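# Fold and geometry: a report
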Amino acid sequence: MAVLAVIVIISAAGLININLIKLTWHSRAKSRWVMIITLISTIVLPLEYAIYLGILSTILIFLDESSRMNLNYIVEGEDGQFIELPMESIKKSEPKIVIINIEGDLYFAAAEDLQDKIQQILKTNLKVLILRFRRTHLLASTGIIVLEQLIRIARKNDVHVLFCGIQKEVLQPLQAAGVTDIIGEENVFTADNLLFDSTHRALQAAKTILYQQQAESEGIEDKNNPVNEKSSSNEST
């Protein structure tokens, strides 16, 4: 039995990776807590329960971190390049067109955080809201429901909503749920290989919408509108 115990100890000792332990300890506080919880539970609990507890703590930390969406306010510079600014800049400048870059996966844990942040933006004086999904690769059912609710809230506030940077894995659930029909296919700009190309196209559409709103409020005829050009040519004939 003593020989067998020595064999087990030597075999288990070979599983210890000192470099990996040092790397985990110096990486961040949450990683250290997971390692400490797993170590203590291994000593005081049966091995299978210690493993379950370590896995559970890792999942809880992942859900906590992924439940906070990373949003950035994007503006077009004088040279035509886009610049990322903190969200607080929106309330200070109060622009009519707002481009929000959404980074992260939209599932049940992150949907509420996104809804709260976008609703705060809708309380400003903007007229067109562009949501950029270039860095979003997962769109779950809860995320779709939240997007649909945000579109309806925006319309009540007379705010147009455009989607850009839409990739295939995001476009398919939007179409299946009918969100593209609600927002309008013409207001959805899919991503391509050119960086920020769909964002440029969405911004041009937003400027057109804003110009049309101003023209209607001031009673100015839009001479660049093909409908007006056609009616003018008919009158001349």
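An account of the accompanying structure is given in this report.

So, how was this worked out
- Residues numbered from 1 in each chain as written.
- Predicted model: local features only at pLDDT ≥ 70, side-chain atom pairs only at ≥ 80, totals over all residues.
- Heavy atoms only, no water.
- Salt bridge = Lys/Arg side-chain N within 4 Å of Asp/Glu carboxyl O.
- Buried < 20%, exposed > 50% of the residue type's maximum accessible area, 1.4 Å probe, protein only.
- Helix = DSSP H or I, 4+ residues; strand = E, 2+ residues; numbered from the N terminus.
- Pairing = 2+ DSSP bridges.
- 1 Å grid on protein atoms, 1.4 Å probe; cavity = no way out; pocket = protein on both sides within 12 Å on 5 of 7 lines; lining within 4 Å.
- Points joined across faces, edges and corners; volume = space filled by probe spheres on them.
- Nonpolar A, V, L, I, M, F, W, Y, C, P; charged D, E, K, R; others polar.
- Axes fitted to C-alpha atoms, helices over the stretch in contact; angles between N-to-C directions.
- Parallel < 35°, antiparallel > 145°, perpendicular 65-115°, else oblique.
- Contact = heavy atoms within 4.5 Å.
- Phe/Tyr/Trp six-rings, centres within 6.5 Å; stacked < 30°, edge-to-face > 60°.

## Thoughts on the pattern of salt bridges
Tallied over the entire structure, the rule returns seven salt bridges. For Asp192, the salt bridge identified is with Arg201, shortest N-O distance 3.8 Å. Residue classification places Asp192 among the partly exposed residues on the basis of a relative accessible area of 29%. Note that Arg201 and Asp197 form a salt bridge whose closest N and O atoms lie 3.1 Å from each other. Highlighted residues: Arg201 and Asp197, both in helix α10 (residues 197–218), separated by four residues, approximately one helical turn. Given a relative accessible area of 34%, Arg201 falls into the partly exposed group. Given the relative accessible area of 22%, Asp197 is considered partly exposed. The structure contains a network of salt bridges with shared partners spanning Glu84, Glu103 and Arg135.

## Details of the pairing of strand β1 (residues 70–76)
The two faces of a sheet get side chains in turn, since along a regular strand they alternate between them. Burial runs high along β1: five of the seven residues are buried. Sheet analysis places β1 next to strand β3 (residues 97–103), joined by five bridges and oriented antiparallel. In the strand pairing of β3, Ile74 is matched with Ile99. Alignment of β1 against strand β2 (residues 82–85), held across four bridges, turns out to be antiparallel. Its bridge partner being in β2, Tyr73 is matched across the sheet by Leu85. Between β1 and β2, which pair antiparallel one after the other, the connecting turn spans five residues, and Gly80 there sits at a positive phi close to 85°.

## What to know about the layout of surface pockets
Of the voids in this model, the largest pocket is the one considered here, and its volume is about 470 Å³. Residue lining of the largest pocket: 14 residues in total, with Ile16, Ile21, Met35, Thr38 and Leu39 positioned closest to the centre. Those elements giving two or more residues to the lining of the largest pocket turn out to be α2 (18–27), α3 (29–44) and α4 (47–66). It is α3 that provides the largest number of residues to the lining of the largest pocket, a total of five residues. A breakdown of the residues in the lining of the largest pocket according to their chemical character gives ten nonpolar, four polar and no charged.

## Observations regarding the packing of α2 against α3
For the pair α2 and α3, interaxial distance at closest approach is 6 Å and the crossing angle is 130°. Classified by the angle between their axes, α2 and α3 sit oblique to one another. Taking contact as the criterion, the partners of Ile21, Thr24, Trp25, His26 and Ser27 in α2 are, on α3, Ser31, Arg32, Met35 and Ile36. Among the residues forming the contact of α2 with α3, the class breakdown is four nonpolar, four polar and one charged.

## Description of the packing of aromatic side chains
All told, the structure shown has two aromatic pairs when counted by the stated rule. For the pair Phe133 and Phe163, a centre-to-centre distance of 5.2 Å together with 80° between the ring planes defines the contact as edge-to-face. Here Phe133, found in strand β4 (residues 128–135), pairs with Phe163, found in strand β5 (residues 160–166); they are 30 residues apart in sequence, far enough to count as distant. Note on accessibility: Phe133 and Phe163 belong to one class, buried.

## A short note on empty space enclosed by the protein
Applying the stated rule across the entire model yields two cavities of 30 Å³ or more. Contributing to the lining of the largest cavity are Arg132, Arg134, Ala191, Asp192, Leu194, Leu195, Phe196, Asp197 and Ser198. Mapped by element, the contributors of at least two residues to the lining of the largest cavity are β4 and α10. Considered class by class, the residues forming the lining of the largest cavity number four nonpolar, one polar and four charged. Approximately 30 Å³ is the volume found for the second largest cavity. Around the second largest cavity, the lining residues are Ile118, Leu129, Leu131, Leu147, Leu150, Ile151, Val161 and Phe163.

Such coordinate-based values are descriptive only and should not be taken to indicate function.
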